[in-house]
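A structural walkthrough
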Amino acid sequence: MELIQNTADLSAYLAADEVIDHHHPVVRETAAQLAEGVADSYAYARAAYEFVRDSVPHSADADDPRVTWRASDVLEQRTGICYAKAHALAALLRAEDIPTALCYQRLMHDDGSGHAAHGLVAIRFHGAWHRQDPRGNKPGVDAQFSLDGERLAWIPDPASNEVDYPALYAEPHPAVLSALTAAPDRSALWKTLPSTL
């Protein structure tokens, strides 16, 4: 699949905003800690990915009712669903001048009751975009950082109407952000997750 930038301006994928607030002290401090002792930007990207994947529990896996969406809140509260974790990873990577996009898949719910959009990031290295899934591993999910072939949590099944969306966004998709910011808790959020983008 060819990944397509939503905007041609690569600097947009380094920008800070209300969601990917990489100028926030919590983000800057976390980035500085992760950057200590790493040899290069590739090693930093791997360290940031593994930190978000492993140190910020997915709120559904942890049965945490809190809804986070701003990168600094995700890092401070150590909780978030896939979109929120993608926002946190994007902020950590952009804090170290690594172009990072938000991207999405359409996946079937575990119980087969319908579909929901799933959030990932794509990072730019060596002139190409590479998707990464910081959602967090669990039985049946083994996502890994990789610039040599994707190691995502899930591969969409077209027979189940699952989709890889090719668009690379500099900012969260409006439907995603709207669902996150409107939800009082995760159980309410689960009812309003976008099923398609």
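Let us look at the structure shown here. (Residues numbered from 1 in each chain as written. Predicted model: local features only at pLDDT ≥ 70, side-chain atom pairs only at ≥ 80, totals over all residues. Heavy atoms only, no water.)

**Here's the deal with the pattern of salt bridges**
Inspection of every chain in the model, using the stated rule, returns 11 salt bridges. The salt bridge partner of Glu 18 is Arg 70, with a shortest N-O separation of 3.3 Å. Linking Glu 18 in the loop between β1 (4–5) and α1 (25–35) with Arg 70 in the loop between α2 (41–55) and α3 (71–77), this pair joins segments that are 52 residues apart in sequence. Residue classification places Glu 18 among the exposed positions, given a relative accessible area of 53%. A salt bridge links Asp 164 to Arg 131; the shortest N-O distance between them is 2.8 Å. Taken together, the residues Asp 164 in strand β5 (residues 163–164) and Arg 131 in strand β4 (residues 128–132) connect sequence positions 33 residues apart. Looking at Arg 131, the relative accessible area reads 3%, which means it is buried. (Salt bridge = Lys/Arg side-chain N within 4 Å of Asp/Glu carboxyl O. Helix = DSSP H or I, 4+ residues; strand = E, 2+ residues; numbered from the N terminus. Buried < 20%, exposed > 50% of the residue type's maximum accessible area, 1.4 Å probe, protein only.)

**Description of α2**
Note on helix geometry: an α-helix contains 3.6 residues per turn, so any two residues three or four positions apart are oriented the same way. Along its 15 residues, α2 runs 20 Å from first to last C-alpha, staying within 8% of the 21 Å computed at 1.5 Å per residue. Where α2 is buried, its residues meet α1, α3, α4 (82–95), β3 (115–125) and β4. Sitting at the head of α2, Asp 40 places a side-chain oxygen 3.3 Å from the backbone nitrogen of Tyr 42. (Expected span 1.5 Å × (residues − 1). Contact = heavy atoms within 4.5 Å. Polar contact = N/O pair within 3.5 Å; in protein donor to acceptor, adjacent residues only side chain to side chain.)

**Re the nonpolar core**
Ranked by size, the top nonpolar core spans 50 residues in total, and within it Tyr 44, Leu 75, Tyr 83, Leu 92, Leu 93 and Leu 102 carry the most contacts. Within the residue set of this core, elements represented by two or more residues are α1, α2, α3, α4, β2 (100–108), β3 and α5 (174–182). The element best represented in this core is α4, accounting for 11 residues. Ignoring any residue separated from it by four or fewer positions in sequence, one finds Tyr 44 in contact with Ala 31, Leu 34, Ala 35, Val 38, Leu 92, Leu 93, Glu 96 and Ile 98. Grouped together as the second largest cluster of nonpolar side chains are 11 residues, Cys 103, Ala 122, Leu 152 and Leu 168 included. (Core = buried A, V, L, I, M, F, W, Y, C linked by side-chain atoms within 4.5 Å.)

**So, the packing of α1 against α4**
Two numbers describe how α1 lies on α4: the axes approach to 9 Å, and their chain directions differ by 65°. What the angle tells us is that α1 and α4 run roughly perpendicular. Crossing of α1 against α4: the hand is right-handed. Along its contact with α1, which presents Val 27, Arg 28, Thr 30, Ala 31 and Leu 34, the element α4 presents Ala 91, Leu 92 and Ala 95. (Axes fitted to C-alpha atoms, helices over the stretch in contact; angles between N-to-C directions. Parallel < 35°, antiparallel > 145°, perpendicular 65-115°, else oblique. Left-handed = near helix turned anticlockwise from the far one by under 90°.)

**Some remarks on the side chain of Asp 133**
Within the fold, Asp 133 resides in the loop between β4 and β5. Summary of buried charges: Asp 133 has no salt-bridge partner, and the nearest side chain of opposite charge, Arg 135, is 6.2 Å away. One polar contact links the side chain of Asp 133 to the main-chain amide nitrogen of Arg 135, over a distance of 3.0 Å. If we ignore the near neighbours within four places in the chain, the residues touching Asp 133 are Tyr 49, His 118, Gly 119, Leu 120, Ala 143, Leu 152, Ala 153 and Trp 154. (Lys, Arg positive; Asp, Glu negative; His and termini not counted.)

**Some words on the packing of aromatic side chains**
Going through the model one piece at a time under the given rule, you end up with six aromatic pairs. Geometrically, the ring pair formed by Tyr 49 and Phe 145 is tilted, given 5.8 Å between the ring centres and 50° between the ring planes. A residue pair is termed long-range when its members are at least 10 positions apart, and Tyr 49 in helix α2 and Phe 145 in the loop between β4 and β5 qualify at 96 residues. An aromatic cluster is present here, built from Tyr 42, Tyr 49, Phe 125 and Phe 145 joined pairwise through their rings. Lying across the ring of Trp 190, Arg 186 places its NZ or CZ 5.5 Å from the centre. (Phe/Tyr/Trp six-rings, centres within 6.5 Å; stacked < 30°, edge-to-face > 60°. Lys NZ or Arg CZ within 6 Å of the ring centre and 35° of its normal.)

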